[in-house]
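Chain by chain, the residues run as shown.
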Amino acid sequence: MPEAETHEPGLRRGRSIRYRLLAIALLPTLVILPLLLVATMARWETVRCSPDSKVNADLTIAHQYLARILENTGEHLSALTGSVAFREAATRDGGAGLAAYLEENRTRLGLDFLFLVRRDGVATEPVGLAGQGRLRTDWPVFDAALAGEPKTAIDIFSQQELAAVSPELAARAKLELVPTPNAVPTDRASETRGMVVHSASPASLPDGKDAALVGGVLLNQNLVFIDTINDLVYRAASLPEGSQGTATLFLEDVRISTNVRLFEGKRALGTRVSAAVRQTVLDEGRVWLDSAFVVNDWYVSAYEPISDSFGRRIGMLYVGFLEAPFARAKTETIIGIVVAFLLVTAASVPIFLRWARAIFKPLERMTGTIAKVEQGDLGARSGLTDGSDEIGRVAVHLDSLLDQLQQRDRDLRRWNDELNDRVAEHTRELELANRQLEATTKQLVMSEKLAAIGEITAGVAHEINNPIAVMQGNLDVVRSVLGDRANDLSTELRLIDEQIHRVSQIVTKLLQFAKPEEYAGYVERHHVAGVISDCLPLVQHLLGKADIEIERDDGATRQVLMNRTELQQVLINLIVNAIHAMPDGGTLRLVSRDETRDGHDGIRVDVEDTGIGMTSDVLARIFDPFFTTKRRQGTGLGLSISQTLVRRQGGALTVESEPGKGTSFSIWLPEAN
Ligand code: ADP
Ligand code: MG
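This is a predicted model, so every value here is computed, not measured.

Student: In this structure, what is going on with the packing of aromatic side chains? I would like to understand it.
Tutor: Centre-to-centre distance and the angle between the planes together describe a pair of aromatic rings. All told, the structure shown has ten aromatic pairs when counted by the stated rule. Note on phenylalanine 113 and phenylalanine 115: the rings are 5.5 Å apart at their centroids and 20° apart in plane angle, and the pair reads as stacked. By the burial criterion, phenylalanine 113 is buried, and phenylalanine 115 matches it. Three or more aromatic residues link up through ring pairs in this structure, and these residues are Phe113, Phe115, Trp139, Phe157 and Phe310.

Shown next as C-alpha cells:
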C-alpha cells in the first residue's frame, strides 16, 4: 500500500488520536477547571464576599448600633425615673435638690440635656440647661411618656428649639455648608438644625401630676458617636489593605458627623451627598447599595434613610469603604488564580504528555509494523511483549495475527509453486505427446501415400509388362523369320532389345519400390567403395555438363549387407540431387567411414555438395513423397524411396544443410556379419 495511505498526507498518522487523547485529558484542566473557577468565584462573590454584600452587612451593624444607642438612652432614663434617689430628689425639700441630681446624672450618662417636663408644658426649674425658654411639647416622645410609655427617637431640632434648650447646643449644631459637586443645588450657606437622640420616660411627681423625664444627645459633630460606629463596623483587618472604612450621619443631605476626611485630614463636615443618592434614599426611602463618589473618591457605599418620631425621613446613615483596594484585591486574586492555574497546567501537561507517549509509542509501533507489512515486509513485528495493559495485549495479538498471516502467505506461495510445477510438467508432457502425435501423423500420411502409390504402380507395371512381353515375343518372331537377313538389321534389333530390356528393368524397379517385400532382391556383402565406383559412370554425363569436381575418401573397412542394386539406387539418388544443387559447378565429396552407432558397428557414407543448400522449411519436408522444388524435372520420390530402402536394412538416412553453403547427406548401415 502506498505510504500515503498509512502515513496520510502531512499525516495525521497517530496524531489525530494523540490530539484527541490530549484534548480528553486536558479538557478538564484547561477548559472545565477555569470555567468552574470563574463560576465559583462569581458565586462566592455574590454570596459572601462581594463589596456590595459586605457593605450591606456593614450598614446593618451601623443601624443596629444606632438602634442600640436609642435603646440605651431610653433604658437609662427609665432606670433614672424608677430609682429611689430620683424620687427622693424630687420630693425632698419640695424638689430643691432635683436640679443638681439631674445635672449629675446628665454628665454621668453622657447626655447633652436632661430635664423634667410637666404635662402643662412647663419645664422644671432650669436643670442642667444653660438657656431658658419655652420648650416645644408636641413631640411624640413626650406624648408617649406622659401617656406612661417610655419612648426614644431621632428628632430634628430647629435652631430656636436648640437655643431654648441651650445656646451652647445651638452653637455646636451649626455647620457651614461646603460647596459640593454633584449635590442638589442650594442657597443655604449653613446648617443650623440639630439631629438629636430624643428620649422621654414617664415620671410621677410628689404633687401627683404627670411629668416626663426628657433627655437627649446632639448628633451634629458628635465625632465620638461616628468614630465608635466606624470602629465597630471596620474593625482591624476587616478590609483589604489600603482600603478605609467610613461612616457618616446626614441631616437631610448634609454630613453632620463623619470620619470621611477632606484634604489635610479635615473632616468633611458640611459637605453634601450627591443628588442621585439623595433622590434614592431621602425622596424614595430606599436603601442605596452601590459605589458612590464620596467627597473625593469612589466608595462602595450603603445609605439608609433615618426617620424621626413623626415618621418623616430626616436624614441618612452611611457606611462605606474605598473601592480601589477592593478592585485591586480582586484583580490580584484573579491574577493569582490564573498564575496558579498556569503553573498547574505547565506542571501537569508535560507529565501527561509523558504518560500519553507511553500509550502512543506502542500504537505508533503497531501502525509502523502494519505499514511495513502492507509494503510487503511480512516479517515485520511490533515486538512488544508486555501484555499487561489493553494496548500491550492488542500489540501481542497483532504480532500473533501477523505470524499467522506470514504462515498462510508461505503456504500459499508453496502451493502456488507446486501448482506451477505441475502445470509446467503437464505442459511438457502435452508438448511431447503433441510432437509424437505429429510425427505419427506424418508417418501415417506417408505410409498412406506410399501404399496408394504402391497399388497404382503395381497395376501400371503389370499393364506395361504384358505389351512388353508381346513386343519381345514378336521381335524373336521377326528374327527367326528374317534368318540371315537379320544381320543387316542387327544394330536396330539390338537397340530394340536393349530398350525393351530397359523398360522391363524400370517396371521391375517400380514394382520393387511399390511392393518391396515381394520384389526385394537378395542381399549380399559389399565394400561400399566398390558400389560408389560403379555409380560414377552412370552419372558421368551429368557431371560433365556442370563443372563439378569429385573428391573421394574411402576410409570404410567394414562391409555392408544390402541388395547391391538398391544401395546403388540410393547413392545415385543422392549424387544426382547434389549435382542438381550445383548448376554452376562445385565439389562433390564422397566419404565412407567405419562408424559405431548406439553400440552397433556400421559404415557411414557421406554425400556432400557445395551447392545451394536448403532452408529449414524445405529441409523439414524433403523425405515426403512427391515433395520437390524442381517443378517438372523432379518427381519428389528420390529421397523417400532412398529412406525406405535404407531403413529396411536397419540403417538411417540423415541430412544437414545450410542455404548458400551446401548440403551433406549421411547414410549409415549396420555392418554385415
Ligand atoms: P527430386 O530430386 O525429384 O526433386 P528428391 O526426393 O530427390 O526429389 O528431392 C526432393 C527435394 O530435395 C529436391 O527437390 C530438392 O529441393 C531437395 N534436395 C535434395 N537433395 C538436395 C541437395 N543435395 N541440395 C539441395 N537440395 C536438395
Ligand atoms: Mg532427386
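Still to come is the rest of the account.
Student: Looking at this structure, how should I read the pairing of strand 8 (residues 254-258)?
Tutor: Within a regular strand, side chains alternate between the sheet's two faces. Across the five residues of strand 8, five count as buried, placing the element largely inside the fold. Bridging between strand 7 (residues 245-251) and strand 8 involves four bridges; their strand directions are antiparallel. Among the inter-strand pairings, leucine 251 is bridged to a residue of strand 8, identified as valine 254. The antiparallel pairing of strand 7 with strand 8 creates a hairpin that spans two residues between the two strands, and glutamate 252 there sits at a positive phi of about 50°.

Student: Sorry if this is basic, but what is going on with the environment of arginine 604 here?
Tutor: By the secondary structure assignment, arginine 604 is in strand 16 (residues 600-609). C-alpha of arginine 604 to C-alpha of leucine 588: the two residues are 16 residues apart in sequence and 16 Å apart in space. In this view, arginine 604 contacts Val591, Ser592, Arg593, Glu595, Arg597, Ser666, Ile667 and Trp668; residues no more than four positions away in its chain are not counted. In terms of polar contacts, arginine 604 uses its side chain to reach the side chain of glutamate 595, at 3.1 Å. Reaching out from arginine 604, the side chain makes a polar contact with the side chain of aspartate 606 at a distance of 2.5 Å.

Student: In this structure, what is going on with a nonpolar patch on the surface? I would like to understand it.
Tutor: Residues Leu27, Leu30, Val31, Ile32, Leu35 and Leu36 make up a contiguous nonpolar surface patch of roughly 510 Å² in combined accessible area. The topology assignment puts valine 31 in helix 2 (residues 15-49).

Student: In this structure, what is going on with the confidence of the model for the protein? I would like to understand it.
Tutor: Caution is warranted with low-pLDDT regions, since their predicted coordinates should not be read in detail. Across the protein, the average pLDDT comes to 84, with 91% of residues at 70 or higher. Low pLDDT, under 50, characterises residues 1-14; the predicted model gives this stretch 15 contacts beyond four residues in sequence or across chains. Considering only residues more than four positions removed or in separate chains, one finds that residues 125-132, a stretch of pLDDT under 50, has 22 contacts.

Student: Any chance you could explain unusual backbone geometry here in plain terms?
Tutor: Excluding glycine, residues mostly have negative phi values, and the peptide bonds linking residues are mostly trans. Phi is positive for asparagine 182, which is not a glycine, with a value near 75°. Within the secondary structure layout, asparagine 182 lies in the loop between strand 3 (175-176) and strand 4 (190-191).

Student: Explain the site of ligand 1 here, please?
Tutor: Near ligand 1 you find 17 residues, and of these Asn577, Asp609, Thr628, Thr629 and Lys630 are the closest. Here threonine 629 contributes a side-chain N or O atom positioned 2.5 Å from an oxygen atom of ligand 1. Taking 520 Å² as the accessible area of ligand 1 by itself, protein coverage stands at 94%. Residue assignment for the shell around ligand 1 shows that the elements contributing at least two residues are helix 17 (564-581), helix 19 (638-648) and strand 18 (662-670). Per element, the largest residue contribution to the shell around ligand 1 is three residues, and it comes from helix 17. Residues that form the shell around ligand 1 fall into these classes: seven nonpolar, eight polar and two charged.

Student: Explain the side chain of glutamine 568 to me, please; I cannot follow it from the model alone.
Tutor: Inspection of the secondary structure assignment puts glutamine 568 in helix 17. On the basis of relative accessible area, glutamine 568 is assigned to the buried category, the value being 17%.

Student: Mind showing me how you'd approach the side chain of arginine 272 here?
Tutor: Considering the arrangement of structural elements, one finds arginine 272 in the loop between strand 8 and helix 10 (275-283). Judged by its relative accessible area of 9%, arginine 272 falls in the buried class. There is a polar contact of 3.1 Å between the side chain of arginine 272 and the side chain of aspartate 253. Excluding anything up to four places from it in sequence, arginine 272 contacts Leu177, Thr180, Ala183, Val184, Pro185, Thr186, Asp253, Val254 and Arg255.

Student: Looking at this structure, how should I read the sheet that holds strand 13 (residues 548-554)?
Tutor: Two orientations exist for strands paired in a sheet by backbone hydrogen bonds: parallel and antiparallel. Strand order in this open sheet of five strands is 13-15-16-18-17, and the pairing throughout is mixed. What marks the edges here is a single partner per strand, and that holds for strand 13 and strand 17 (652-658). Neighbouring strand axes in the sheet, compared pairwise and without regard to direction, differ in orientation by 15° on average. Relative to strand 15 (residues 586-597), strand 13 runs parallel, the two sharing seven bridges. Note that in strand 15 the partner of glutamate 551 across the bridge is arginine 589. Most of the contacts of helix 15 (residues 528-535) go to strand 13, to which it runs at about 165°, and overall it touches strand 13, strand 15 and strand 16. Contacting strand 17 and strand 18, helix 19 crosses the sheet at an angle of about 140° to strand 17.

What counts, and where the lines are drawn
Residues numbered from 1 in each chain as written. Chains lettered and ligands numbered in written order. Predicted model: local features only at pLDDT ≥ 70, side-chain atom pairs only at ≥ 80, totals over all residues. Heavy atoms only, no water. Phe/Tyr/Trp six-rings, centres within 6.5 Å; stacked < 30°, edge-to-face > 60°. Buried < 20%, exposed > 50% of the residue type's maximum accessible area, 1.4 Å probe, protein only. Helix = DSSP H or I, 4+ residues; strand = E, 2+ residues; numbered from the N terminus. Pairing = 2+ DSSP bridges. Contact = heavy atoms within 4.5 Å. Polar contact = N/O pair within 3.5 Å; in protein donor to acceptor, adjacent residues only side chain to side chain. Patch = residues over 30% accessible without salt bridge, like charges linked within 9 Å, V, L, I, M, F, W, Y side chains within 5 Å. Areas by Shrake-Rupley, 256 points an atom, 1.4 Å probe, with all protein chains shown as cover. Salt bridge = Lys/Arg side-chain N within 4 Å of Asp/Glu carboxyl O. pLDDT = per-residue confidence, 0-100. Near = heavy atom within 4 Å. Nonpolar A, V, L, I, M, F, W, Y, C, P; charged D, E, K, R; others polar. Axes fitted to C-alpha atoms, helices over the stretch in contact; angles between N-to-C directions.

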